[in-house]
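So the chains spell out like this:
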Amino acid sequence: MDFLRDLESCNRGTRSHSAQGLANNVTSSPVMKIPLPPRLWITDVSDEESSEEIESCVRDEGVFNPERARVKSRFRHYKQRSNVTVPLGIFWDIENCQVPRGCSAIDVVAAIRAKFLTGRREADFVVVCDVRKELPLRLQELNDAQVSLIHVCGTQKNAADEKLRQCMRRFGELHSAPASLLLISGDINFAADLSDFRHRKNMEVILVHKQNTSSALITCASSHYCYNELTAHLPRNPKTLSQTEEEEDPICEVEVVNLPLEQPADRVSRRLRRLADNCGGRVLRVDKSTAVLRFPTPDHAARALKRMDGEDVFGRKISTRYLRPLQPYHAYSSDEGYSTAGVDKPAFIPPPVQEALIPSPVPLAPTVPATEWARALQALPAPTPPPLDFCPPPAPRPRKIRGMHGSANLDRSGCSSSNSGDDSRARDSQSRAVSPWNSSASFSEPSSEAEDSTAELTVTNLPPFDPAVIQAMLTKLFSQYVPVVKVMVWVYNDGPIATVVVRSEWDARLAIARVHKRRLDNAWSGRRLELALGRPSPAPNHDVLRARLRAILLDHANHALPLLRLRDAYASRHCCALTTSDIARLKDTVIIHEGYGRLVQLTDLTPVTELDMEEAPWKCHIHGGLSTGHEDGSRILQPVFMEISMLAKNTLALLDSHGGKLPLLSFVECYEAAFSTFSYDATRGVPLELLLHGAAGVELRDAPSRHLVRKEPQHDLSSSSRSSGERERPRTAPALEPMLALFERELVDLLRAAPRCCIPFSKLIPAFHHHFGRQCRVADYGFTKLPELLSALSSTIVVLGSGSYRIITISAAAQGRRWTADLLKLLKAVPGRAVHPNDIPALYQETFGKPFSPADYGVCTLAELMARVAPGTVAAAADGAVSLPRRAPTPEERGRSAQFALQAVELLCYTPNLRMEFSRFVPAYHAHFGSQLRVAHYGCVKLVDLFEVIPDAVSVYTEPSGERGVRLAIRTARAVLATRFRALGPVTLESLPQAYAAQFGAAPQPDVLNASTLEELVYATGGCVENGLVRAPGDAPLWVTSCLAACAVLSADRSVARGSTEEYFSSAFRKLLGCDPDVRRLALAGVVFADARRVQLTPAWRLVWRVAQILADRPEPMPAMDVFVEYTSRFEPLFPCADLGFESVVDFLRHYREVFVETGARWALSAGVAAPRCLGPARHEDYSVHDTPPGQKGSRVFESPKTSLWCSPPASALPAPTALLVQESKRRIRLAAQFDAIQ
């Protein structure tokens, strides 16, 4: 019993304690042994009644009313309750309710939690926004505030609202009443959802809205608060506020700049309406590159200002700003945006700590605008300056890197392989960097002086360390090579990602070359860092990707394509790459079948509308119905034989008929529909796209799809200044520029060795490794991807095609420079440095050892190739021959050259065979004449040039081994050898080498006079071989007489122009001298040349025969002037010494000393030499005057007025009458046979 009384007293105390002051008379009987009935357990009391009111009620009435206090019943034997609060879900539309200017997102989140988390617990805090439109500082603040950040595409209509509705519905499914829901937005689209949460699920709905919010939205909430009042007391940063921003009135009009000029105004207006439709904007006007839009409220205008800034409109990245006609405009990028116009702001002087981040050789600007990077510099400690060897000062005014790294600028709406940077390249840089396959268009022109000196690097594949540790390690690593402005670390599900901010693009390139693929912790098991220029790419836009895949697969049979062909078609249409992971995410649209090959099958057969696809036509709207099966872009790469001028003319006509824009995929169909079919030639053809690159007036653009347009005319001043600026501006970091230039030369050498200078893109790296024996590391040149590296070399290297059909070749400008250099080598390899275009193929084969083909230089014909020669490099003659231009020598230099010719002949005459090695000429000259040979004294640069000035004295030749030599010219060497043979006296032909070697040091070489045998050498000097003895020139009058007799016989024949037959020549010669002629010896002496059983007189000996007749008719010697006068009166008006290479009549007479002899200043025939004449009239007619063959128009063979036709010998070229009869009979027999065959 005592035990029962103690238990009852304990229960009574516990119950009175749990009831918080209830009356003591509410007890049970002391003798009861069963458990007590359940009692009420007070858990939650309404806010309207405090604890004091409950106690007063108990005191007045003596009992406690459970209904009034809203209590929940529990069994008394349960344990004492814990302090459980109501779950609260917070959903923030940060685009609608933005962080106030000058405030920190951390302070705003803290204010919201302090206001609404009293008595509640935070179940979820979701922030939805487009991360591409927010500054990294804002994203970092939200991440530090421990909120869930969800990215949506800002260009899609109601994308953020739909994501917030989805998150709120999931919250409502997980948490039932009495949960609370807090929405921070003022959008009327949430009214229906808030009403359901409040009235159907009995949840408490709290609305935080901005001013001027619709009353329909406010009535759906249980309670509402003003967002401006909640954030009014938050601290502001005065450095980010200007004195005029807070005083500006709200504006509903927005100006859009940097619109494309080549697009019609209606197309641009439709594109802007699509971008502004989510904010209720309408286009007021479009004026060239600017447009004005009006929105219903200033809040809608502010939202559109952020959403539309940096979007792509037909290849241009637009910028937005408020329309304020009375003051400068601010181009908006985010809440703490940047200015692209000349805005006058208070200058910010950086603190001294900023100087520690920049090496001393770099000059600092006196004033720098206040930006977030300047504030970051104040907060960062001053690291140790990097060594100057690894960190050169940045180039002046480098570009600001603000874009995303990834594939080409293919998708303005956020596709996975797109580039969503803030700004695109300027028009002047599109010609050197943009191609349909290159990986980044992330460079933008500087927007302000402060942002000119910063660039961002994205670092991935980081180890899973603490963010503070990663930040410290990255700062230490990058500071070894470049100054680091800021390091930010982002933690995602896939691992941490860091953003490193450096001074300029050149520092970023240098950091890539030094840090890319390097281990962070220097451990063998550590991860290798992966660097990329710009920010990471956003998530793919699945809606656009679905529409594009449907458009491709709906055009094919069975709505299926192999995976490789699908990727090629996608790259050809949209200038970007399609990954397998992108396709795998769209299981509701396409599926991939695995089998013998990977086949992509379309499951969603919904037709594609114009609203789903962007306004970037990839196929011609006129000839779009012609399906050729070449949508992968391979047809544009087929080799075509066609002149570029004709292609350019026809292409411009096509552009006029297609509205100034012609898709590249449909170019072949459109061209062949309007003109003739292309001539495809695999041997002589050039890829069609390469011809289009070189067509005048045509420009190939890659954004938004590959198409042809007219090239805009460029003013001379602006183009020259821009080209000079591009040359001065380096393509990578200054420390890496020599390596990049070396790689460019190596790439050109590799392409020159390839067939037609083309290499497939997939085989470039293996070919480079095989050719040079080393790997090609792209990061060594400051790039992370091969397309980016080739894009920097666009002035030399061109990438044709798209997808797997890409090929690499040399650009048209580089091919022109290459051909100019090769042509100079050809001209320097020939004597006289002149060549006719018809002789170029043979000379090219001889010089370079490979067949000549204009297709190797990117053109189809030699005429186009000659047109690409740099002006002023070669000189063209009237007959089309090209030669190296030479400077006209001065009289003093001309006199010195003549003196040097005599010295060179004297020097070479001391050698046995009148020749010398080219490398020994200068030392021999110095040793013989005792003075240095200074080529500049003769107006030349090289010794070869000096030898070319005196071609009549010496010439340069090349040995079969490849070594060069110097020898006397043929005419000079003939005179020297004739003098040497006369000095030897009569010797036998067999003993001539020994006698010559005994007196002159070596045996004679026949090739001194381009002869093949020693006998031919003797006859070439003017001598002869009689009865085995060698007769020197002038010692064989009988031989000279026989030569003149042959000239007389051939000159007397009326068929002299065509040559005499051997029978006629032998018979006439026998009648004249009584012996048969030796045609072989006459040909060796250069008197005649025999071909096809005909003998013809050479022009030189024809002139010798005529002069010999003049001298034979005079008994006394004649002066050279009298010979000239007599010749012009008897034969022709001019003495043809210049045609034969002689300077004067005296020079001609001295050359043939075996025929003529000089006594004083007069000339006569040599002793014993006679000028025989053919038998006939007293005055014999020379038919060699008449050069026209008989039977042709203008022939004067039968018109000689001096001699009767019947007294002259018959023409040996006329056929006999019997021969004519034989030919007639043969013709009749042939016609009869044909007639019998017809019957």
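How each quantity is defined
Residues numbered from 1 in each chain as written. Predicted model: local features only at pLDDT ≥ 70, side-chain atom pairs only at ≥ 80, totals over all residues. Heavy atoms only, no water. Pairing = 2+ DSSP bridges. Helix = DSSP H or I, 4+ residues; strand = E, 2+ residues; numbered from the N terminus. Contact = heavy atoms within 4.5 Å. Axes fitted to C-alpha atoms, helices over the stretch in contact; angles between N-to-C directions. Phe/Tyr/Trp six-rings, centres within 6.5 Å; stacked < 30°, edge-to-face > 60°. Buried < 20%, exposed > 50% of the residue type's maximum accessible area, 1.4 Å probe, protein only. Polar contact = N/O pair within 3.5 Å; in protein donor to acceptor, adjacent residues only side chain to side chain. Salt bridge = Lys/Arg side-chain N within 4 Å of Asp/Glu carboxyl O. Expected span 1.5 Å × (residues − 1). pLDDT = per-residue confidence, 0-100. Right-handed = clockwise from strand over helix to strand, strands pointing away. Core = buried A, V, L, I, M, F, W, Y, C linked by side-chain atoms within 4.5 Å.

1. Quick word on the sheet that holds strand β46 (residues 1162–1165)
The 3 strands are arranged β44-β46-β45 in an open sheet whose pairing can be described as antiparallel. Of all the strands in the sheet, just β44 (1118–1119) and β45 (1156–1159) have a single pairing partner and so form its edges. Looking at chain direction, β45 and β46 are connected through 4 bridges and run antiparallel. Across the sheet, the residue bridging to Glu 1158 is Trp 1163, located in β46. Contacts from helix α38 (residues 1099–1113) reach β44, β45 and β46 within the one sheet, and its direction differs from that of β46 by about 100 degrees.

2. As for the packing of aromatic side chains
Under the counting rule described, the total for this entry stands at 34 aromatic pairs. Between the aromatic rings of Phe 743 and Phe 768, the centroid separation amounts to 5.7 Å while the plane-to-plane angle is 45 degrees, which identifies the pairing as tilted. Of the two residues, Phe 743 sits in helix α23 (residues 737–753) while Phe 768 sits in helix α24 (residues 764–772), which places them 25 residues apart along the sequence. Judged by its relative accessible area of 1%, Phe 768 falls in the buried class.

3. A few points about the pairing of strand β31 (residues 807–810)
Side-chain alternation along β31 places Ile 807 and Thr 809 on one buried face and Ile 808 and Ile 810 on a second face that is also buried. With 2 bridges joining them, strand β29 (residues 759–760) and β31 adopt antiparallel strand pairing. Residue pairing for β31: Pro 760 is matched across the bridge by Ile 807. Bridge count between strand β30 (residues 797–800) and β31: 4 bridges; the pairing is antiparallel.

4. Here we look at the environment of Thr 458
Looking at where Thr 458 falls in the secondary structure, it is placed in strand β17 (residues 455–460). Linking Thr 458 and Val 489, residues 31 residues apart in sequence, is a C-alpha distance of 9.8 Å. Of note is the side chain of Thr 458, whose polar atom sits 2.3 Å from the backbone oxygen of Gly 534.

5. Regarding the sheet that holds strand β39 (residues 1024–1026)
Strands sit in the order β38-β40-β39 across an open sheet of 3 strands; the sheet is antiparallel. With one partner strand each, in any of the chains shown, β38 (987–988) and β39 form the two edges of the open sheet. Strand direction decides the pairing type here: β39 and strand β40 (residues 1029–1031), joined by 3 bridges, are antiparallel. The partner of Glu 1026 across the bridge, within β40, is Leu 1029.

6. Thoughts on the pattern of salt bridges
Enumeration according to the criterion identifies 39 salt bridges in this entry. Of the charged contacts in the structure, one is a salt bridge between Arg 120 and Glu 204, with a shortest N-O distance of 3.3 Å. In this pair, Arg 120 sits in strand β4 (residues 120–129) while Glu 204 sits in strand β7 (residues 204–209), placing the two residues 84 residues apart along the sequence. The exposure class of Arg 120 is partly exposed, given its relative accessible area of 21%. A salt bridge links Arg 706 to Glu 689; the nearest nitrogen and oxygen atoms lie 2.3 Å apart. Here Glu 689 lies in helix α21 (residues 688–693) and Arg 706 lies in the loop between β27 (698–701) and β28 (707–710), a separation of 17 residues in the sequence. Overall, the relative accessible area of 6% leaves Arg 706 in the buried class. In the salt-bridge network here, residues are joined through shared partners; they are Glu 162, Arg 165, Arg 169 and Asp 193.

7. Regarding helix α19 (residues 644–657)
For the α-helix, the turn length of 3.6 residues means that residues three or four positions removed from each other point alike. The terminal C-alpha atoms of α19 lie 20 Å apart, and with 14 residues this matches the ideal 20 Å at 1.5 Å per residue to within 8%. Taken together, the buried positions of α19 are Ile 644, Leu 647, Ala 648, Asn 650, Thr 651, Leu 652, Leu 654 and Leu 655. Of the surrounding secondary structure, the elements contacted by the buried residues of α19 are β25 (662–663), α20 (667–674), α21, β27, β28 and α28 (862–867). Gly 659, located one to two residues past α19, shows a positive phi value of around 80 degrees.

8. Re the confidence of the model for the chain
When pLDDT is averaged along the chain, the result is 75; 72% of the residues meet or exceed 70. A low-confidence stretch, residues 241–248 stays under pLDDT 50, and its non-local contacts, those more than four residues away or across chains, total 8 contacts.

9. A word on the pairing of strand β3 (residues 86–93)
Within β3, 7 of the 8 residues are buried, leaving the element largely enclosed by the surrounding structure. Sheet topology note: the β3/β4 ladder contains 8 bridges and is parallel. Bridged to Pro 87 within β4 is Arg 121. Taking the sense of rotation as the criterion, the β-α-β connection linking β3, helix α4 (residues 105–116) and β4 turns out right-handed.

10. So, the environment of Ile 552
With respect to the secondary-structure elements, Ile 552 resides in helix α16 (residues 542–553). By relative accessible area, which is 0% here, Ile 552 ends up buried. Sequence separation between Ile 552 and Tyr 570 is 18 residues; the distance between their C-alpha atoms is 7.6 Å. Residues contacting Ile 552, with those up to four places away along its chain left out, are Leu 561, Leu 566, Ala 569, Tyr 570 and Arg 573.

11. Description of unusual backbone geometry
Following Ala 177, the chain continues into Pro 178 via a peptide bond in cis, with omega recorded as 10 degrees. One non-glycine residue, Gln 146, adopts positive backbone phi at about 60 degrees. By the secondary structure assignment, Gln 146 is in the loop between α5 (136–144) and β5 (148–151). Even without being a glycine, Asn 1010 presents a positive backbone phi close to 60 degrees. As for its position among the elements, Asn 1010 is in the loop between α33 (992–1000) and α34 (1014–1020).

12. Digging into the nonpolar core
Residues Phe 900, Trp 1101, Phe 1148 and Phe 1156 are the most contacted members of the largest nonpolar core, which totals 92 residues. Looking at this core, the element that brings in the most residues is helix α35 (residues 1037–1052), giving 10 residues. Every residue in contact with Trp 1101, bar those within four places of it in the chain, is listed here: Cys 1043, Leu 1044, Cys 1047, Ala 1085, Gly 1086, Val 1087, Tyr 1152, Glu 1154 and Val 1155. Listed in part, the 50 residues of the second largest apolar core include Ile 644, Leu 652, Cys 758 and Cys 860.

13. Points about the side chain of Arg 974
With respect to the helices and strands, Arg 974 occurs in helix α32 (residues 970–984). Side chain to side chain, Arg 974 and Glu 1154 meet in a polar contact 3.1 Å long. Contacts of Arg 974, omitting those with residues within four sequence positions, involve Leu 1009, Ala 1020, Thr 1021, Gly 1022, His 1151, Tyr 1152 and Glu 1154.

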